[in-house]
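A structural walkthrough
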Amino acid sequence: MCVALVLVGVKVWAWSATGSISMLSSAADALVDVVASVVTFTGVRYAAQPADREHRYGHGKGEAVAAFVQAILLAGAALGLGAQSIVRLVTPVELEALSLGIWVVIGSTVTAAALVAVQTYVVKRTRSTAIAADRAHYMTDIAVNFGVLAALALDHVFGWTRSDSIGALLISAYMLWNARDMANESLAQLLDSELTDETREKIRATVLDCDRVQGMHDLRTRYGGDRVFVDFHVEVDGTLSVHDGHAVCDAVEQAVAELFPKADVTAHLEPTGLDDERLDEQVARNDRPAKPH
């Protein structure tokens, strides 16, 4: 947060000295980074709270909310800068102090790359959605800096005045594209999307490989920010005692939990051959294409 705030100040100073709309877009992107880092900090702290009376599944989705807010901020900045870039494209402005702007961009790029390296390490250790989204901001910042550098260099070397506004317009489009990806990823968590088919098959194979398990159905999965939630029905011999059935469930839940760094697994015990309404059948009916009229 502190580094991002310093970058905003430096870029605003460089923009005021050069008049570059590309530099302004980079400064705006850096300002979004500051706000996004504050949102990330708040979201991660909220997600780290243990389960309580009102949130028995924990607070993990706080990270997804933080990531979605970041996407909105980035998209808003991209649209605003895109509109300003179009105005400059129609009425170009001659830039000043281009050498200063170029050195500022180079320094900002090195700093942003260092931040991305640190956050990449943290994401690998924690798998945090909010920090991954924040890292995407700074990766965008690196790409933005390269765009600004190219625009300023073309203006400085060849005198292409419109290269600045064209660069800013391309940067705005790139920011918007990144915002879309961030929003899709966070919404997948907020709307309880299933894990991948490959992961679901791995869970299914793990359950069926457990001792005394004869079948399973109604597998449901979702990603809750700080952990994976998995629940399913496990089928066993109906003559097992309640004590033995409970032991089977414990073993199955432990086996599935070991597939993930952090998981909340719930197995529901059923006798094999029980004829009841199943979620799998409901899903199959809902996924079936409608008959033509």
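Residues numbered from 1 in each chain as written. Predicted model: local features only at pLDDT ≥ 70, side-chain atom pairs only at ≥ 80, totals over all residues. Heavy atoms only, no water.

Strand order across the open sheet formed by 3 strands is 1-2-3, with mixed pairing between neighbours. Each edge of the open sheet carries a strand with a single partner, namely strand 1 (215-223) and strand 3 (263-271). On average, each strand axis in the sheet is tilted by 10 degrees relative to the strand beside it, whichever way the strands run. As paired strands, strand 1 and strand 2 (residues 228-236) are joined by 7 bridges and run antiparallel to one another. Within the sheet, the bridge partner assigned to Gly 215 lies in strand 2 and is Glu 235. Most of the contacts of helix 8 (residues 242-257) go to strand 3, to which it runs at about 145 degrees, and overall it touches strand 2 and strand 3. (Pairing = 2+ DSSP bridges. Helix = DSSP H or I, 4+ residues; strand = E, 2+ residues; numbered from the N terminus. Axes fitted to C-alpha atoms, helices over the stretch in contact; angles between N-to-C directions. Contact = heavy atoms within 4.5 Å.)

On the surface, a cluster of nonpolar side chains totalling about 280 Å² of accessible area is made up of Met 1, Val 38 and Phe 41. Residue position: Phe 41 is located in helix 2 (residues 21-47). With a relative accessible area of 47%, Phe 41 lands in the partly exposed category. (Patch = residues over 30% accessible without salt bridge, like charges linked within 9 Å, V, L, I, M, F, W, Y side chains within 5 Å. Areas by Shrake-Rupley, 256 points an atom, 1.4 Å probe, with all protein chains shown as cover. Salt bridge = Lys/Arg side-chain N within 4 Å of Asp/Glu carboxyl O. Buried < 20%, exposed > 50% of the residue type's maximum accessible area, 1.4 Å probe, protein only.)

Evaluated as defined, the whole model comprises 5 salt bridges. The residue Arg 180 makes a salt bridge to Asp 181 at a minimum N-O spacing of 3.1 Å. Take Arg 180: its relative accessible area is 41%, and that puts it in the partly exposed class. In this structure, Arg 222 and Asp 192 form a salt bridge, with 3.7 Å as the shortest nitrogen-oxygen distance. Here Arg 222, found in strand 1, pairs with Asp 192, found in the loop between helix 6 (163-190) and helix 7 (197-208); they are 30 residues apart in sequence, far enough to count as distant. The class of Arg 222 is buried, set by a relative accessible area of 17%.

Just geometry here; none of it tells us what the structure is for.
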